[in-house]
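Observations on the three-dimensional arrangement
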Amino acid sequence: MQKNVEEIAVIIRKATIEDVQSVLVLVYKLMECHLRFDEYYKLGSNSHASYSEYFERLVRSEDTVVIVVEDNRTIVGYLAAKIEERPPVFKEEKRGWVDSAYVLENYRGKGIGRKLTEKALELLKNKGIKHVELTVDSKNELGYKVWKSLGFETWQIIMKKSV
């Protein structure tokens, strides 16, 4: 029988600068998954340095929430979300945006993604955010199903065209 998050000794906490390189390992696993959906996700030659700088900025920013899941001092999942300005025509001036999230395969199905999401939503709500958005690749059926199970709804469709 598979154990859930309450039955295993994981710690969910805010990420620190020291976590960035460990989180990047998970980010690259996420990118590998996305690359199976579309070549558009192919990384550039300077991606490691760029992502490293980007995640350091996220971790340091007051307008972001970056949390990690640890099991025996190893990071096995993360969620990064940020607060973004909406166009000035809207009454609700800011929104939460899930930048990315990933849980190692052998830790899935244990409630870790749910706990990560609940914690991130709580932290964003404490910062005054009322709505949180994200994108899921249209070919990512599992990702869509997971986010839907966490209470997210489809409300926009983003399209692209090669030119």
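Rules and cut-offs
- Residue positions are given per chain, counting from 1 as you read along its sequence in written order.
- In keeping with the predicted nature of the model, local features appear solely for residues at pLDDT of at least 70, side-chain atom pairs appear and are counted solely at 80 or more, and the whole-chain, interface and lining totals rest on all residues.
- Side-chain measures were taken over the full set of non-hydrogen atoms in the model, leaving aside hydrogen atoms and water.
- Counting from the N terminus, the helices are the DSSP runs of H or I reaching at least four residues and the strands are the DSSP runs of E reaching at least two.
- Here the globule rule reads 2.2 Å times residues to the power 0.38, and the radius of gyration is calculated from C-alpha atoms.
- For every residue, the accessible area (1.4 Å probe, protein chains only) is compared with the maximum for its type, and the residue is labelled buried under 20%, exposed over 50%, or partly exposed between those bounds.
- Should any heavy atoms of two residues lie within 4.5 Å, those residues are counted as being in contact.
- Surface accessibility follows the Shrake-Rupley procedure with a 1.4 Å probe radius. Residue values consider only the protein chains on display as shielding.
- For Phe, Tyr and Trp, where Trp contributes only its six-membered ring, two rings pair if their centres lie within 6.5 Å, and the inter-plane angle classes them as stacked under 30 degrees, edge-to-face over 60, or tilted in between.
- When the NZ atom of lysine or the CZ atom of arginine is within 6 Å of a ring's centre and also within 35 degrees of its normal, the charge is said to sit over that ring.
- Salt bridges are counted wherever a side-chain nitrogen of Lys or Arg sits within 4 Å of a carboxyl oxygen of Asp or Glu.
- In this description, strands pair whenever DSSP reports at least two bridges between them.
- In this description, a line fitted to the C-alpha atoms serves as the axis of each element, helices being fitted only across the stretch in contact, and the angle between N-to-C directions of two axes falls anywhere from 0 to 180 degrees.
- Nine residue types can take part in a nonpolar core, namely buried Ala, Val, Leu, Ile, Met, Phe, Trp, Tyr and Cys, and a core is a set of them joined through side-chain atoms within 4.5 Å.

1. Let's talk about the overall build of the chain
- A count of helical and extended segments in the chain gives four helices and five strands.
- Taken from N to C terminus, the helices and strands of the chain fall in the order β-α-α-β-β-β-α-β-α.
- Taking 2.2 N^0.38 as the reference for a compact globule, 163 residues should give roughly 15 Å; the C-alpha atoms of the chain span a radius of gyration of 16 Å, in line with that estimate.
- Along the first, second and third principal axes, the C-alpha set of the chain runs to 45 × 35 × 30 Å.
- Per-residue burial for the chain yields a buried fraction of 39% across its 163 residues.
- Across the chain, contacts joining residues at least 24 apart in sequence account for 66% of those joining residues at least 6 apart.
- With the model as given, the accessible surface of the chain reaches about 11,100 Å², and the carbon-plus-sulfur share is 51%.

2. Observations concerning the packing of aromatic side chains
- Scanning all chains against the criterion turns up six aromatic pairs.
- Seen from their ring centres, Tyr54 and Phe55 are 5.8 Å apart, and the 85° between their planes marks the pair as edge-to-face.
- With 5.3 Å between their ring centres and 85° between their planes, Trp147 and Phe152 make a pair best called edge-to-face. Each member of the pair, Trp147 together with Phe152, is buried.
- Three or more aromatic residues link up through ring pairs in this structure, and these residues are Tyr28, Tyr51, Tyr54, Phe55 and Tyr78.
- Its end group placed over the ring of Phe90, Arg86 keeps NZ or CZ at 4.1 Å from the ring centre.
- The side chain of Arg108 reaches across the aromatic face of Tyr102, ending 5.0 Å from its centre.

3. What to know about the pattern of salt bridges
- Scanning the entire structure with this criterion turns up nine salt bridges.
- Between Arg13 and Asp19 there is a salt bridge, with its nearest N and O atoms 2.7 Å apart.
- The partly exposed category is assigned to Arg13, whose relative accessible area is 23%.
- Between Glu133 and Arg95 there is a salt bridge, and its shortest N-O distance comes to 2.6 Å. Pair noted here: Glu133 is in strand E5 (residues 132-133) and Arg95 is in strand E4 (residues 94-103), with a separation of 38 residues, a long-range link. Of the two residues examined, Glu133 and Arg95, each falls in the buried class.

4. A word on the sheet that holds strand E1 (residues 10-14)
- If you walk across this open sheet you meet the five strands as E1-E2-E3-E4-E5, and the pairing is mixed. The open sheet has two free edges, formed respectively by E1 and E5, since each of these has just one partner strand.
- Packed onto the sheet, helix H3 (residues 112-126) meets E1, strand E2 (64-71), strand E3 (74-85), E4 and E5 and runs at close to 150° relative to E2.

5. So, unusual backbone geometry
- For Asn72, which is not glycine, the phi torsion reads 50° and is therefore positive.
- Topologically, Asn72 is positioned in the loop between E2 and E3.
- A residue is classified by how much of its surface remains accessible, and Asn72, at 65% relative accessible area, is exposed.
- Although it is not a glycine, Arg73 sits at a positive phi angle of roughly 65°.
- By secondary structure assignment, the location of Arg73 is in the loop between E2 and E3.
- You can call Arg73 exposed: its relative accessible area is 80%.

6. Some words on the nonpolar core
- Of all hydrophobic cores here, the largest spans 41 residues; its most connected members are Phe55, Tyr78 and Leu79.
- Counting only elements with at least two residues in this core, the list comes to helix H1 (20-37), helix H2 (47-60), E2, E3, E4 and H3.
- The element contributing the most residues to this core is H1, with nine residues.
- Beyond its immediate chain neighbours, meaning those up to four positions away, Phe55 contacts Val20, Val23, Leu24, Val27, Tyr78, Ala80, Asp99 and Ser100.

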